[in-house]
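The lines below spell out each chain.
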Amino acid sequence: MDATYLILGLGAFFAGCVDAVVGGGGLIQIPLLFTTFPTQGTATLFGTNKLASVVGTSSAAWRYARRIAVPWKVVAPAALAAGAGSWIGARAVAYFPPAALRPVMLALLIAVALYTFVRKDFGVRPDASASPSDPWRRAVFIGAGVGFYDGFFGPGTGSFLIFLFVRALNWDFLRASVAAKIVNMVTNVAAIGFFVSHGEVLWRVAAVMALCNLCGAQLGSGLALRHGAPFVRRAFLLVACVLIVRFALDTFRI
């Protein structure tokens, strides 16, 4: 059992580091949990993952917010919409198989990665004159849609949020990452509220993973703040490519 906690802790640390920079921590934690506890129900493992993740996400959001100006008039409505979407998504887990989303997510990830790769200045040097006149409305739609996905399935939530904030709101990658952490924190809390109320969490496992995730998040957020938007863009592309491979393997059972 000690070796199991060591593996889970190391995985959570790495997940927290990656997630703090560009999202995608669920790509590491969820498969790890399913491999370690193959007999546990899907909702139980999703709830455990959320409880472990929210600690690291919250710490990264706090650290970012102390260093970077957060556009709260845009981020707050997005976070509220995302919280509602996440709670609804968590309820939907009991009625629909999350695996049904894999082909759709795979296609979206490929499109996102290609777009970001081709547009070399995307999210690095945004043009202020191209900013939308109704950013909060766009943010609400983004928050509600991605929030539902996070509660229902989860992997890549932070990456989708960052891409959409850069594309729809004309932010740089670093500011988008800050906003994504805040919104993702709220979606995790909302999903946890559902899972915990139904008694579907492995508490001891979640506590160990949460502590390790917190340590990883501090390292990741420090790297992002030190190296700025270009570093976050490169990390985003790397995580997007890993997500594509993972979703392809799961979708086509390679």
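Residues numbered from 1 in each chain as written. Predicted model: local features only at pLDDT ≥ 70, side-chain atom pairs only at ≥ 80, totals over all residues. Heavy atoms only, no water.

Q: Would you mind showing me how to read the side chain of Gln-29 here?
A: For Gln-29, the location among the structural elements is in helix H2 (residues 26-36). Gln-29 has contacts with Ala-12, Ala-15, Asn-49, Ala-52, Ser-53, Met-209 and Asn-213, leaving out every residue within four places of it along the chain. (Helix = DSSP H or I, 4+ residues; strand = E, 2+ residues; numbered from the N terminus. Contact = heavy atoms within 4.5 Å.)

Q: Just to check I follow, could you spell out the confidence of the model for the protein chain for this structure?
A: Caution applies to low-pLDDT regions: their predicted coordinates should not be interpreted in detail. Of all residues in the protein chain, 94% attain a pLDDT of 70 or more, and the chain-wide mean is 85. Mean pLDDT across the elements of the protein chain ranges from a minimum in helix H5 (residues 102-118), with 83, to a maximum in helix H6 (residues 135-152), with 91. (pLDDT = per-residue confidence, 0-100.)

Q: When you look at the pattern of salt bridges in this model, what are you seeing that I'm missing?
A: Close approach of charged atoms allows side chains of opposite charge to pair. Here the structure, examined in full by the defined rule, presents two salt bridges. Residues Asp-150 and Lys-50 are paired through a salt bridge, measuring 2.6 Å at the closest nitrogen-oxygen approach. Of this pair, Asp-150 sits in helix H6 while Lys-50 sits in helix H3 (residues 42-67), and the two are 100 residues apart along the sequence. Side by side, Asp-150 and Lys-50 carry an identical accessibility label, which is buried. The salt bridge involving Asp-134 is made with Arg-138; its shortest N-O contact spans 3.5 Å. Under the relative-accessibility criterion, Asp-134 is labelled partly exposed at 23%. Using a relative accessible area of 36% as the deciding quantity, one classes Arg-138 as partly exposed. (Salt bridge = Lys/Arg side-chain N within 4 Å of Asp/Glu carboxyl O. Buried < 20%, exposed > 50% of the residue type's maximum accessible area, 1.4 Å probe, protein only.)

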